[in-house]
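Coordinates in review
For reference, the chains in residue letters:
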Amino acid sequence: MAESSGITAEGIGAALKEKVGATHVEVEDLSGGCGQMFQAVIVSPQFDKKTTLARHRLVNGALKDEIAAIHAWTPKCYTPEQWENQRKGG
Amino acid sequence: MLSRTALTSAFRQSSRHISPRPVVTSAAAWSPSARSQQPATFRIQSPQQLRFLSEATRSAIEKAVGTKPVVLFMKGTPDTPQCGFSKASVQILGINGVDPDKFAAFNVLEDDELRQGIKEFSEWPTIPQLYVDKEFVGGCDILMSMHQDGTLAKMLEEKGVLVPVAEEETQKGDRS
C-alpha cells in the first residue's frame, strides 16, 4: 500500500454510496496494483434528468481528492431505470 | 453518411501538416516558461501541489480556449499523444472529420501551470478536455459515448467545424 496511490476500489465505492446516493456501484481497479486507474459503474437516482456531463461532474465533485491522486478515471453513470434496461439488454 | 476512411485520412494528412502550428502558437501565447522540449519524465503531482488559479493563468487559459473553435487539452501532441485517452480523443475528432484549420491542441505536459490550471478552470479532474466554441464538452469517455450515440457528429456539424465535403475531395483551395 505504501508505494501505491492509496486509493482502493472499495474506498471509491463507499464514497460514492455515501456522497452521490449510489444504489449500486461496481468499481474496477485496472491499474494492476499501483492504484492509478479505475473504471466504475455507478447507479444513482440522483442522475435522473442529468446530462452525462452533469453526472460526471457530480461524481467528480464527490471524489475530488481520490481523483486528484489517480491517473485514469472512467465513470459510467446510470439511473436505476437505465441500469435495469442495460442489464436486460446486455 | 460520409465515408469514414476518407475523412480520417484527410484529417490525418492535414493534422500532420498542421499540428505544429497550434502547438507553437500555444507555446508562444501561453507563457514565458513554455518549453519547446518535452520533459523527459512525467512529473507526478500530488493534491497538495494544486494551487489556486491565478488571474494570469485564468486569462491565459481563456485565451487558449478561444484560439480555435475546437480546442483539445491533451497529453502530448496530436501526432504523438502521450496517453491512451488523449490519443483516443484525437482519433474521435479525426473520424468525425473535424477541420484541422479549426482545431488546436495544447500539450499540458509542456506546462505544469496549464496542466493544473485547466483542471481548475474546467472544474474537471482529468485530461484530455475538449472545448467547442469555448464551451466545455467533456473528457475522453464523454467524447466516446457522444461519438457512439451520434450526438458528437451532430454537434460538430451544427458548430460548422467539419471539413467541408467538397473541399476534402480537391486539394484545399481558398476558404470564404
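No experiment lies behind these values; they were computed from the predicted model shown.

1. Here we look at the overall build of chain B
- Counting its regular elements, chain B contains 8 helices and 4 strands.
- Counting helices and strands in the order they occur from the N terminus, chain B gives α-α-α-β-α-β-α-β-β-α-α-α.
- Expressed as a percentage of its 176 residues, the buried residues of chain B come to 48%.
- Within chain B, contacts between residues separated by at least 24 positions form 74% of all contacts whose residues are at least 6 apart in sequence.

2. A closer look at the nonpolar core
- B:F73, B:I118, B:L130, B:Y131 and B:L156 are the most contacted members of the largest nonpolar core, which totals 36 residues.
- A per-element tally of this core places strand β1 (residues 70-74) of chain B first, with 5 residues.
- Not counting the four nearest positions on each side in its chain, B:F73 is found in contact with B:A64, B:V65, B:F106, B:V108, B:L114, B:I118, B:I127, B:P128, B:Q129 and B:Y131.
- Membership of the second largest hydrophobic core comes to 20 residues, among which are A:I12, A:A40, A:I67 and A:C77.

3. Topic: the interface of chain A and chain B
- Each partner contributes residues to the interface: chain A has 13 residues there, and chain B has 17 residues.
- Interface area, chain A with chain B, both sides summed: about 1,200 Å², of which 64% is carbon and sulfur.
- Considering only the side of chain A, the residues that lose the most area to chain B are A:L53, A:R57 and A:H71, jointly responsible for 40% of the buried surface there.
- The tally of links between chain A and chain B comes to 0 salt bridges.
- Inspection of the region where chain A meets chain B yields 3 residue pairs in polar contact (both at pLDDT 80 or more).
- Of all the secondary structure elements, the ones that give two or more residues to the side of chain A that touches chain B are α2 (52-62), α3 (64-68) and β3 (72-78) of chain A.
- Ranked by the residues each element gives to the side of chain A that touches chain B, the list is headed by α2(A), at 5 residues.
- In the side of chain A that touches chain B, the residues fall into 7 nonpolar, 5 polar and 1 charged.

4. Some points on the pattern of salt bridges
- Evaluation of the coordinates by the stated rule reveals 4 salt bridges over all chains.
- Residue A:K49 pairs with A:D48 through a salt bridge whose shortest N-O separation is 3.6 Å.
- B:E158 serves as the salt-bridge partner of B:K154, at 3.8 Å between the closest nitrogen and oxygen. Taken together, the residues span about one helical turn, with B:K154 and B:E158 both in helix α7 (residues 151-158) at a distance of 4 residues.
- The class of B:E158 is exposed, set by a relative accessible area of 59%.

5. A short note on the packing of helix α4 (residues 84-95) of chain B against helix α6 (residues 140-149) of chain B
Residues and elements named next belong to chain B.
- Where α4 contacts α6, the two axes come as close as 9 Å, and the packing angle between them is 30 degrees. When the interaxial angle is binned, α4 and α6 end up roughly parallel. α6 is crossed by α4, and the crossing has left-handed handedness. Side by side, α4 and α6 meet where F85, A88, S89, I92 and I95 of the first sit next to C140, L143, M144 and H147 of the second.
- Residues of the contact of α4 with α6, tallied by class, amount to 7 nonpolar, 2 polar and no charged.

6. Things to note about the state of the cysteines
- Tallying each qualifying case throughout the model produces 0 disulfides over all chains.
- Cysteine B:C83 remains unbridged, with the sulfur of B:C140 as its closest cysteine sulfur at 7.9 Å.

7. Side note on the packing of aromatic side chains
- By the definition in use, this model includes 6 aromatic pairs over all chains.
- Ring geometry for A:Y78 against A:W83: centres 5.4 Å apart, planes inclined by 40 degrees, an arrangement best described as tilted. Here the two residues A:Y78 and A:W83 agree in accessibility, since each one is buried.
- Look at B:W124 and B:F136: their rings are 5.2 Å apart centre to centre, the planes differ by 55 degrees, and that puts the pair in the tilted class. Taken as a pair, B:W124 in the loop between α5 (112-122) and β3 (129-132) and B:F136 in strand β4 (residues 135-138) lie far apart in primary sequence, 12 residues in all. Like B:F136, B:W124 is buried.

The rules behind each value
Residues numbered from 1 in each chain as written. Chains lettered and ligands numbered in written order. Predicted model: local features only at pLDDT ≥ 70, side-chain atom pairs only at ≥ 80, totals over all residues. Heavy atoms only, no water. Helix = DSSP H or I, 4+ residues; strand = E, 2+ residues; numbered from the N terminus. Buried < 20%, exposed > 50% of the residue type's maximum accessible area, 1.4 Å probe, protein only. Contact = heavy atoms within 4.5 Å. Core = buried A, V, L, I, M, F, W, Y, C linked by side-chain atoms within 4.5 Å. Buried area = accessible area lost by both parts, 1.4 Å probe. Salt bridge = Lys/Arg side-chain N within 4 Å of Asp/Glu carboxyl O. Polar contact = N/O pair within 3.5 Å; in protein donor to acceptor, adjacent residues only side chain to side chain. Nonpolar A, V, L, I, M, F, W, Y, C, P; charged D, E, K, R; others polar. Axes fitted to C-alpha atoms, helices over the stretch in contact; angles between N-to-C directions. Parallel < 35°, antiparallel > 145°, perpendicular 65-115°, else oblique. Left-handed = near helix turned anticlockwise from the far one by under 90°. Disulfide = S-S within 2.5 Å. Phe/Tyr/Trp six-rings, centres within 6.5 Å; stacked < 30°, edge-to-face > 60°.

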